[in-house]
Amino acid sequence: MRLDKYLKVSRLIKRRTVANEACDAGRVQVNGKVVKASYDVKVGDVIEIAFGNKAVKAEVIMIADTTKKEDAKEMYKYI
């Protein structure tokens, strides 16, 4: 699954366009490397997103094309 879509489906970022812009600006890293929105996310990847002066780090646990709002938190684990 593409990184921008994963960020939207998992609710780490609310909109796919915002996720795409964050990737283009270099604010999203996977396993310590800056990646593009088209990066193929795999289980076990560590995603780090820089939001202004704070950063969020999460490990990918599950990948699903669609999910309910309540179940979205099961797709990743905060580190």
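Scroll up to find the structure this text is about.
Throughout what follows, the structure given in this document is the object of discussion.

Calculation rules
- Residues numbered from 1 in each chain as written.
- Predicted model: local features only at pLDDT ≥ 70, side-chain atom pairs only at ≥ 80, totals over all residues.
- Heavy atoms only, no water.
- Pairing = 2+ DSSP bridges.
- Helix = DSSP H or I, 4+ residues; strand = E, 2+ residues; numbered from the N terminus.
- 1 Å grid on protein atoms, 1.4 Å probe; cavity = no way out; pocket = protein on both sides within 12 Å on 5 of 7 lines; lining within 4 Å.
- Points joined across faces, edges and corners; volume = space filled by probe spheres on them.
- Nonpolar A, V, L, I, M, F, W, Y, C, P; charged D, E, K, R; others polar.
- Core = buried A, V, L, I, M, F, W, Y, C linked by side-chain atoms within 4.5 Å.
- Buried < 20%, exposed > 50% of the residue type's maximum accessible area, 1.4 Å probe, protein only.
- Contact = heavy atoms within 4.5 Å.

**As for the sheet that holds strand β4 (residues 54-60)**
Here is step 1: Strands sit in the order β2-β1-β3-β4-β5 across an open sheet of 5 strands; the sheet is antiparallel. The open sheet terminates on both sides in strands that have one partner only, identified here as β2 (33-34) and β5 (76-78).
Here is step 2: Pairing of β4 with β5, which is carried by 3 bridges, proceeds in the antiparallel orientation. Directly across from Val 60, in β5, lies its bridge partner Tyr 76.

**Looking at the layout of surface pockets**
Here is step 1: Considered as a void within the structure, the largest pocket measures approximately 190 Å³ in volume.
Here is step 2: Looking at the largest pocket, the residues that line it are Arg 11, Leu 12, Ile 13, Lys 14, Lys 69, Ala 72, Lys 73 and Tyr 76.
Here is step 3: Here the lining of the largest pocket is composed, by residue class, of 4 nonpolar, no polar and 4 charged.

**Quick look at the nonpolar core**
Here is step 1: Among the nonpolar cores identified, the biggest contains 22 residues, and Leu 3, Tyr 6, Leu 7, Leu 12, Val 28, Ile 47 and Ile 49 are the most heavily contacted of them.
Here is step 2: Secondary structure elements with two or more residues in this core: α1 (3-9), α2 (16-24), β1 (28-30), β3 (46-51) and β4.
Here is step 3: When residues in this core are grouped by element, the largest group, 4 residues, is from α1.
Here is step 4: Not counting chain neighbours up to four residues away, the residues in contact with Ile 49 comprise Leu 7, Leu 12, Ile 13, Arg 27, Val 28, Lys 54, Ala 55 and Val 56.

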